[in-house]
Amino acid sequence: MDSATEAFVAHRNLLFTVAYEMLGSAADAEDVLQETWLRWASVDLGTVRDQRAYLVRIVTRQALTRLRTLARCKESYLGPWLPEPLLTAPDVAEDVELAESVSMAMLLVLETLTPTERAVFVLREVFDLAYDEIAEAVGKSAAAVRQIAHRARSHVAARRPRAVVSPDETRGVIEAFQRAVETGDLQRLLDILAPDVVLLTDGGGVVQAALAPVVGDGTVARVLGRISAAASLQPAQVNGCPALIVRVDGEVDTVMAVRIDDGLITGLYAVRNPRKLSHMERETALRR
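Residues numbered from 1 in each chain as written. Predicted model: local features only at pLDDT ≥ 70, side-chain atom pairs only at ≥ 80, totals over all residues. Heavy atoms only, no water.

Enquirer: Help me out: how do you make sense of the overall build of the chain in this one?
Expert: Looking only at helices and strands, one finds twelve helices and six strands in the chain. For 288 residues, the compact-globule estimate of 2.2 N^0.38 gives 19 Å, and the C-alpha radius of gyration of the chain, at 20 Å, lies within 12% of that figure. Once the C-alpha set of the chain is aligned to its principal axes, its extents read approximately 65 × 40 × 35 Å. In the chain, which comprises 288 residues, the proportion classed as buried is 50%. Contacts spanning at least 24 positions in sequence make up 68% of the contacts within the chain whose residues lie at least 6 apart. (Helix = DSSP H or I, 4+ residues; strand = E, 2+ residues; numbered from the N terminus. Rg over C-alpha atoms; globule rule 2.2 N^0.38 Å. Buried < 20%, exposed > 50% of the residue type's maximum accessible area, 1.4 Å probe, protein only. Contact = heavy atoms within 4.5 Å.)

Enquirer: Where do I start with the environment of A176 in this structure?
Expert: Looking at the secondary structure, you find A176 in helix α10 (residues 167-183). Take A176: its relative accessible area is 14%, and that puts it in the buried class. Look past the residues within four positions of A176 in its chain and what remains in contact with it is R188 and I192.

Enquirer: Looking at this structure, how should I read the pattern of salt bridges?
Expert: Where charged atoms from two side chains of opposite charge come close, those side chains can pair. For the structure on display, the rule yields 18 salt bridges. The closest approach of N and O atoms between D31 and R66, which form a salt bridge, is 3.3 Å. Of this pair, D31 sits in helix α2 (residues 26-40) while R66 is found in helix α3 (residues 51-75), placing the two residues 35 residues apart along the sequence. Residue class for D31 comes out partly exposed when judged on its relative accessible area of 37%. Residues E111 and K74 are paired through a salt bridge, measuring 2.8 Å at the closest nitrogen-oxygen approach. Of this pair, E111 sits in the loop between α6 (104-110) and α7 (115-126) while K74 is found in helix α3, placing the two residues 37 residues apart along the sequence. On the basis of relative accessible area, E111 is assigned to the partly exposed category, the value being 24%. (Salt bridge = Lys/Arg side-chain N within 4 Å of Asp/Glu carboxyl O.)

Enquirer: Before we go on, may I ask you to explain the side chain of S103 in this structure?
Expert: Along the chain, S103 falls in the loop between α5 (96-102) and α6. Filtering out sequence-adjacent residues up to four positions away, S103 remains in contact with N239 and C241.

Enquirer: Explain the nonpolar core here, please?
Expert: Grouped burial of nonpolar side chains is what soluble globular proteins tend to show. Ranked by size, the top nonpolar core spans 54 residues in total, and within it F16, W40 and L110 carry the most contacts. Sorting the residues of this core by element identifies α1 (3-23), α2, α3, α5, α6, α7, α8 (131-138) and α9 (142-157) as the ones contributing at least two each. Residue contributions to this core peak at eleven residues, all from α1. One finds V181, V214, V246 and I260 within the second-largest nonpolar core, a separate group that totals 25 residues. (Core = buried A, V, L, I, M, F, W, Y, C linked by side-chain atoms within 4.5 Å.)

Enquirer: Mind showing me how you'd approach the sheet that holds strand β6 (residues 264-271) here?
Expert: The strands making up a sheet are joined through hydrogen bonds of the backbone, oriented either antiparallel or parallel. Taken together, the six strands give an open sheet; going across it, the order is β2-β1-β6-β5-β4-β3, and neighbouring strands pair in mixed fashion. Single-partner strands in this sheet number two, and they are β2 (214-215) and β3 (232-238). In the sheet, β3 pairs with strand β4 (residues 241-248) via seven bridges, with the strands oriented antiparallel. Bridge pairing links A236 to A243 in β4. (Pairing = 2+ DSSP bridges.)

Enquirer: I'm lost on the packing of aromatic side chains in this one. Help?
Expert: The geometry of an aromatic ring pair comes down to the distance between the two centres and the angle between the two planes. Inspection of every chain in the model, using the stated rule, returns three aromatic pairs. Considering the side-chain rings of W40 and Y54, the 5.9 Å spacing of their centres and the 55° angle between planes classify their relative orientation as tilted. With W40 in helix α2 and Y54 in helix α3, this pair connects stretches of sequence that are 14 residues apart. We classify W40 as buried; its relative accessible area is 0%. (Phe/Tyr/Trp six-rings, centres within 6.5 Å; stacked < 30°, edge-to-face > 60°.)

Next comes the structure, spelled out in structure tokens:
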């Protein structure tokens with residue numbers, strides 16, 4: 001293995017994680033990695049002082065370009081757009097900060113940032129890069145990056161879950177949720193749903209899904225009660241957090257992640273678009 005390939009392989013999981021957190025799409029993150037490799041392969045390694053930082057700079061720039069293209073695509077997306085879920089290994093959940101940063105709830109918060117704000121927030125808050133390194137990656141001065149980071153941090157703080165929920169607590173809520181759905185117990189569902197719970201379903205216009213958010217515990221409970229009796233619900237680690245995989249005839253039909261605040265489910269994210277379910281049959285390695 002030549003030096004360029006060896007360095008790229010060594011940092012590949014990190015680069016994928018950076019791209020995925022910026023894009024919310026594993027397919028697009030993989031494309032960005034391909035573009036990053038093509039640029040990296042043509043670099044004179046003798047001029048590179050820090051290979052990790054250089055690779056992160058390339059992947060960030062490619063992801064920013066792709067992010068602006070995706071923004072236009074999302075404008076015409078049919079129904080709610082949700083991030084592409086990933087089946088993740090247990091070690092992702094053990095890194096609390098990483099797990100929170102790739103959770104469906106946080107990725108949706110990051111969607112409310114501008115592309116540059118998102119890049120700066122991810123590189124600073126998740127990967128702890130120095131401001132001057134981030135400045136090179138996003139093409140801004142270090143002083144401007146500090147201001148952007150402050151603005152993005154305040155924006156995210158106002159929208160993120162009120163408290164970090166432990167994996168055990170999340171698992172307990174997921175188990176209660178699974179039992180309620182499997183038994184069709186409406187009262188048990190109402191007991192764990194917040195009164196203003198919001199259900200988002202992403203079918204991408206390919207499969208049946210609500211085209212607008214479903215709001216309110218009673219309405220959400222009735223929608224969940226329509227899940228086919230033939231479906232099987234399987235607990236899994238999705239984006240570093242406990243979630244449910246709904247299978248029909250053995251095939252992945254829906255991936256359902258949750259947001260929990262004060263012990264109640266305040267957000268349900270049901271990804272049904274088949275194009276977004278390809279990473280649910282094998283674990284994806286994420287690294288900081």
